[in-house]
Structures are given as C-alpha cells and as structure tokens.
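Each chain, written out:
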Amino acid sequence: MKNERLVLERNTLDSVIYKELRKRIISLSFQPGSMIYENAVADEYGVSRTPVRQAFSRLANEGLLSILPQRGAQVSHLSVAKVKEAQFIREALEVSAFGEVARIWNKTADHSAAQSKALSLIEQQRQVVQEKDYVGFTELDVAFHDTVIGVLGNAMLLEMLSDVRTHLTRVRFLELQEAHHEDDAIADHVKLMRSIMANDVAGTQSLLLAHLKMIEAMRDDILKRHDILFE
C-alpha cells in the first residue's frame, strides 16, 4: 500500500510539473531557444529531480523540449513547416468531425449537457477577453472545440487533435496578442453552435473552415516579425 501511494504521489507531481511547464512553453513565457534545468525546476517545486525528469521526457516527446545531456533542456523553436502541416491536418479532422456532430445532434442522443457546456465555455471566453488573459482564452478555445467533438465519443480523434494542436497553439498565442480577433472567434463559436443545433452539416463545415483560417492570411507577416522564435 505504501509503495502504491508513493507511485501515485510521484505520478501526480509529474503531471503537475508537466502541465505547468507546458503552459509556460506554449504561452511563450519560456522563449524558444531558452534553457531550463532539472535542478532549478526541482527547487521551485520542492521536489526531487525524478518527477521533473519525467515531465521533461513527456515534453520532449511532444517536441516542445530538446534534452541536451549534461546541459539541461532547450525549449524547442517554433517550426513554420510543422505549423503548416498541423493546420492542414487540423482542418481536415475538425471540419469532418463538426459536420458529423451537426448531422447527429439530438438525433442519436440527448446532447443538452454538451450544449450547456459549450455555451458556458463561450461565456467564459467573453470574461477572459475582458481580462486580456490570452492563456485562458486559448485553453477555453481548445475546450470548446473538444466539447463539440467529444459528442462523437471518439477518444482517438481527440488524442490526435491534441497532438496536432501542440505547435499551432504556440503560434496561436503569439497571434492573439497581435491580431486581437478574440471577439470574432467568440462570434464564430456562437454561429457554430446555432448551425450544429439546426443540424446544418454543410453550413457548420463552411463556418468552421472559415473560423480555422481566420488568422492564416496574417500569419506570414506575424512570423516575419518574430523570426527569431522560429527555426
């Protein structure tokens, strides 16, 4: 029993540290190319290096850190190629998924719980916009999309999208601070819910594609202004 408790505590510490470091990397609090060290993180959290090492390993597997033996870990630079690849994959997966959600909405099951959660997330987005909380807005944006797609009950799809969004989310945070299109994004979410609830498959897919491409026209200019962050 004691060993099981120790394993649980260690896994919990690993997850807490992983989530916090991931948030700092994605929000660019840790700049691409900067170094972070196991000892420093362990001291910050008052833990041994073991859960920190595990968190570093998870972040490295996501492509967010590069482990440099005997030197620490370097925050990975943003990749223009990976961003473009991820954008393409996300559009293909999400447009298809949202269309299917619109097709089955309230026909195969009662989706009132998902509806309430999605609408609540939209209201929360409005709140964090007032606070200029870009990290919170980004997290709520992901939660909204996942809530809608979650109606399909396809855990593999959600996992794939989480992986695909990793590199997009870092750029997304940068874009939010420059493009200031939060209000438009929220308006799109409202329109998407109305379209889904009306079982309008084609309309939902058209709206979502435009929503996902909203910032794309400005992306090249933003990337050029911050080329030091990219490889």
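Anyway, here's the lowdown on the structure attached to this text. (Residues numbered from 1 in each chain as written. Predicted model: local features only at pLDDT ≥ 70, side-chain atom pairs only at ≥ 80, totals over all residues. Heavy atoms only, no water.)

We now examine helix α3 (residues 49–61). The end-to-end C-alpha separation of α3 is 18 Å, in line with the 18 Å expected for 13 residues at 1.5 Å each. Turning to α3, its buried residues number three or more, namely P51, V52, A55, F56 and L59. Projection of α3 onto a plane perpendicular to its axis shows the buried side chains occupying an angular sector of 140 degrees, all on one side. Phi for G63, located one or two positions after α3, is positive at around 85 degrees. (Helix = DSSP H or I, 4+ residues; strand = E, 2+ residues; numbered from the N terminus. Expected span 1.5 Å × (residues − 1). Buried < 20%, exposed > 50% of the residue type's maximum accessible area, 1.4 Å probe, protein only. Arc of directions from axis to C-beta.)

Time to look at the packing of helix α4 (residues 80–104) against helix α6 (residues 134–150). Where α4 meets α6, the axes come as close as 9 Å, and the angle between the chain directions of the two elements is 50 degrees. Taken together, the axis directions place α4 and α6 in an arrangement best described as oblique. When α4 is examined against α6, the residues R90, E94, A97, F98 and V101 are found in contact with a partner set consisting of D141, H145, V148 and I149. Taken together, the residues of the contact of α4 with α6 sort by class into five nonpolar, one polar and three charged. (Axes fitted to C-alpha atoms, helices over the stretch in contact; angles between N-to-C directions. Parallel < 35°, antiparallel > 145°, perpendicular 65-115°, else oblique. Contact = heavy atoms within 4.5 Å. Nonpolar A, V, L, I, M, F, W, Y, C, P; charged D, E, K, R; others polar.)

Counting 46 residues, the largest nonpolar core has F98, W105, F137, F144, V148, M193 and I196 as the members making the most contacts within it. Sorting the residues of this core by element identifies α4, α5 (112–130), α6, α7 (155–179), α8 (182–197), α9 (201–212) and α10 (216–225) as the ones contributing at least two each. With nine residues, α7 is the largest single contributor of residues to this core. Counting 17 residues, the second largest nonpolar core, distinct from the first, contains L21, I25, I36 and A42. (Core = buried A, V, L, I, M, F, W, Y, C linked by side-chain atoms within 4.5 Å.)

Glancing now at the environment of L119. Here L119 lies in helix α5. Separated by 35 residues in sequence, L119 and N154 place their C-alpha atoms 21 Å apart.

Right, let's talk about the sheet that holds strand β3 (residues 72–75) for a bit. Taken in spatial order, the three strands of this open sheet run β1-β3-β2, and their pairing is antiparallel. Edge strands, defined here as strands with exactly one partner in the open sheet, are β1 (35–36) and β2 (65–68). In this structure, β1 lies alongside β3, joined through two bridges in antiparallel fashion. Each residue of the ladder has a partner; that of M35, found in β3, is Q74. (Pairing = 2+ DSSP bridges.)

Let us now look at unusual backbone geometry. Although it is not a glycine, K132 adopts a positive phi angle of roughly 55 degrees. On the secondary structure map, K132 appears in the loop between α5 and α6. K132 gets classed as exposed once you look at its relative accessible area, which sits at 63%. Residues other than glycine seldom take positive phi values, yet N199 does so here, at roughly 60 degrees. Within the element layout of this structure, N199 appears in the loop between α8 and α9. Judged by its relative accessible area of 27%, N199 is partly exposed.

Our focus in this paragraph is the packing of α4 against α9. Helices that pack against each other are described as a pair by the angle of their axes relative to one another and the distance between those axes. Contact geometry for α4 and α9: axes closest at 8 Å, N-to-C directions at 150 degrees. With respect to their mutual orientation, α4 and α9 come out roughly antiparallel. Once α4 is placed against α9, the crossing between them reads as right-handed. Across the interface between the two elements, Q87, R90, E91, E94, V95, S96, F98, G99, A102 and R103 of α4 pack against V201, T204, Q205, L208, L209 and L212 of α9. Residues belonging to the contact of α4 with α9 are distributed by class as follows: seven nonpolar, five polar and four charged. (Left-handed = near helix turned anticlockwise from the far one by under 90°.)

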